[in-house]
Amino acid sequence: RLPEQVPWIEGGSSPSAPSAPVSVTTTLPAVPEVMYLISPNGQQRKAGTYQLVDTLCHGYPVWKSSDGKRLLYTGNDGRWYFGGVSEVIVSDFNCASGVLCSDPHGGVLPHEIGGWQLWSEEGWLLDEEISVWLSAPKAQKQLYLVCRNGSERLAGIYALLQGQSANTLPLWKREGAGEDLYLYGGNDGKWHVGDQEVARKGFDCDLGCLCSCLHGAAMPNMLPSGAWERCRAHGRGVPDASVAFLARLPEYPVEISILSPAGQQKVAGRYLLQNCWANGQPIWKRMGHGEELWMYSGTSGYWHVAGVKAAQKSFCCTLGNLATAEAHGGLLPFQAGQWQLRTAEGWRADAEVKVLRGPLSFPPVLYLVTEHSDAIYELVTEFLNGQPLWRCSETGKESWLYSTMDGFWCLSKKDYPTLGSGCSLGTLASSQPHGGSMPHLCEAWQVRTSSGWETSGASVLQTNPPESPSVLHVEAVGGGWESLVGKYWRLTGDLIHHRHFWRQASSKEGPILFSTPDGWMLQTSNPLDDLELPQLHVTSLQPAQMLGTYQPIPGKRGCWKLQPQ
């Protein structure tokens, strides 16, 4: 019989004694073209890609490293070894060098076995983090660098440069405009973060501001905590446990909101995430028309709020009147802690500045209440100077409530497209810049007159309907009309056109008095057939806007409208 047709036992064993399984086959195992060694804890220089060569050693295949300096082979003791080419060839493959498997492999290929060991002063030590793959670990398309302790300007997103490499390893470049920074594998077996100088050298160097320990072919995001250090011009680097490359990017909010009540109030508002980057970080732009402002990360690693001058420099600058008090090191604006304002004397810290994740909530309706009248302002979808707009919903009262360029709330009768930086004559404005606070939270208002601004203590903006009488009295001029006259009770919990309404007390289906954009109306539930409908007079024990004389509306049977006084 042929060898593969008979049972086998290990030498020295009796046929009846148990032994390890032995098999003989005519089918050769599939030999991979590539082996990839990961060894983060030692012998890191032997890690990396190994290509199959046209050589056999002790009947087994051999692979050579990409730089041609190392071999993966079977020693004369039946174990897999990673060793230097020169020492292996000199010893005619009869050596034990570098990394090896714990037991003779018995024909099992390197990527199918475990239990690899490292040589140390204490002898061979088992290292469970050593592994052999059939290909290099997948390089993440984007990595996020977080760092503190003086390296904050390096933080941000680094994007994989497809089709490019450095010393046979993947290469990343920091996203967006600003300073060019690279994450690359140096010729010393470490990961480095460097600038344009390393690019000019073709990355055949070991320069940079940050460097890792010997990586052993592990990707930057696979290195353990404490693997990085800040590099110095001379001498050893400084270990920095704050440095880490993360495979998972931060979740960037579509909107952020800025509140700045104590200074630089004009920068307040809603900012929308843009599809662009600067210095490795995202950019938010203030929403709506008006002065353009951006939240961006400057070249020094601080978050800034600035205008068009920064945009013209592609944000490769540190311009702006609002900035974080410290370099952010990869923290997003709403995580960055305290902020500072630029003043005539320089920068000062301001604990009242807040950057919030997501939009603020805006009241859908605001009521302007004055001594003699009130008006309804409804929220619209447009924004101006980063703040919402409200438009008066009363017919014939075209006016807007908006934020000026210098951060004041203002009421103006101008058309929306022509709203400028200030308030027109005869309009109402907040006494102080709002800094992001909503109009109904402003404590004082002023009116612009021909002689200047004057305090308006009788004006207030609120979110609830104005106070109104609980009971109205309706009388018909000339008497009669019992179906229309009498007491009208205010209905609680219900509004028509954002205002309270009243129903005749004597009937659940009786006439009602309510507000419309065209004014106050009184309407019956069923049209009246009388040709001559009376005038109605509405009174109350307290002054109110809906009091006065109501005239029948021609063509609308059973409907009356309040006449201007």
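Residues numbered from 1 in each chain as written. Predicted model: local features only at pLDDT ≥ 70, side-chain atom pairs only at ≥ 80, totals over all residues. Heavy atoms only, no water.

**Student:** Describe empty space enclosed by the protein, naming the residues involved and giving the relevant values.
**Tutor:** If you walk through the whole model with that rule in mind, you get 1 cavity of 30 Å³ or more. In this model, the largest cavity occupies a volume close to 30 Å³. Lining the largest cavity are Ser257, Ile258, Leu259, Gly269, Arg270, Leu360, Phe362, Gln387 and Gly436. Among the secondary structure elements, those contributing two or more residues to the lining of the largest cavity are strand 19 (255–259) and strand 20 (269–278). Tallying contributions element by element places strand 19 first for the lining of the largest cavity, with 3 residues. Considered class by class, the residues forming the lining of the largest cavity number 4 nonpolar, 4 polar and 1 charged. (1 Å grid on protein atoms, 1.4 Å probe; cavity = no way out; pocket = protein on both sides within 12 Å on 5 of 7 lines; lining within 4 Å. Points joined across faces, edges and corners; volume = space filled by probe spheres on them. Helix = DSSP H or I, 4+ residues; strand = E, 2+ residues; numbered from the N terminus. Nonpolar A, V, L, I, M, F, W, Y, C, P; charged D, E, K, R; others polar.)

**Student:** Would you mind going over the pairing of strand 42 (residues 536–539) in detail, with residue names and values included?
**Tutor:** Burial along strand 42 is one-sided: the residues Leu536 and Val538 are buried and none of His537 and Thr539 is. Here strand 37 (residues 471–476) runs beside strand 42; their pairing, made up of 4 bridges, is antiparallel. By the bridge assignment, Val474 is partnered in strand 42 with Val538. Sheet topology places strand 42 next to strand 43 (residues 548–552); 3 bridges connect them, and they run antiparallel. Each bridged residue has a counterpart across the sheet, and for His537 the counterpart in strand 43 is Thr549. (Buried < 20%, exposed > 50% of the residue type's maximum accessible area, 1.4 Å probe, protein only. Pairing = 2+ DSSP bridges.)

**Student:** I'd like a description of the packing of aromatic side chains, backed by residues and values.
**Tutor:** Applying the stated criterion to the full structure yields 18 aromatic pairs. With a centroid separation of 5.8 Å and an interplanar angle of 25°, the aromatic rings of Tyr73 and Tyr81 are classed as stacked. Residue class for Tyr73 comes out buried when judged on its relative accessible area of 0%. When its relative accessible area of 2% is taken as the criterion, Tyr81 is described as buried. Taking 5.5 Å as the distance between ring centres and 70° as the angle between the ring planes, the aromatic pair formed by Tyr252 and Trp277 counts as edge-to-face. Placement of the pair is Tyr252 in the loop between strand 18 (244–246) and strand 19 and Trp277 in strand 20, with a sequence separation of 25 residues. Assessed through its relative accessible area of 17%, Tyr252 is described here as buried. Its relative accessible area of 23% is what places Trp277 among the partly exposed residues. Every member of this aromatic cluster is reached through a ring pair, and the members are Tyr50, Phe82 and Trp116. (Phe/Tyr/Trp six-rings, centres within 6.5 Å; stacked < 30°, edge-to-face > 60°.)

**Student:** Describe the side chain of Arg286, listing the residues and the values that go with them.
**Tutor:** Tracing the sequence through the fold places Arg286 in strand 21 (residues 281–286). For the buried Arg286, no salt bridge exists, and the shortest N-O distance to an oppositely charged side chain is 4.4 Å, to Glu291. Not counting residues within four places of it along the chain, the set of residues in contact with Arg286 comprises Lys266, Val267, Ala268, Arg270, Tyr271, Glu291, Leu293, Asn385 and Gly386. (Lys, Arg positive; Asp, Glu negative; His and termini not counted. Salt bridge = Lys/Arg side-chain N within 4 Å of Asp/Glu carboxyl O. Contact = heavy atoms within 4.5 Å.)

**Student:** A description of the pattern of salt bridges should follow, citing residues and the corresponding values.
**Tutor:** Under the criterion given, the structure shown has 15 salt bridges. For Asp67, the salt bridge goes to Arg70, with nearest N and O atoms at 2.7 Å. The exposure class assigned to Asp67 is partly exposed, which follows from its relative accessible area of 41%. Relative accessible area serves as the criterion here: at 15%, Arg70 is assigned to the buried category. Asp180 is the salt-bridge partner of Lys173, the closest N and O atoms lying 3.6 Å from each other. Linked by salt bridges that have partners in common, Arg248, Glu251 and Arg357 make up one network.

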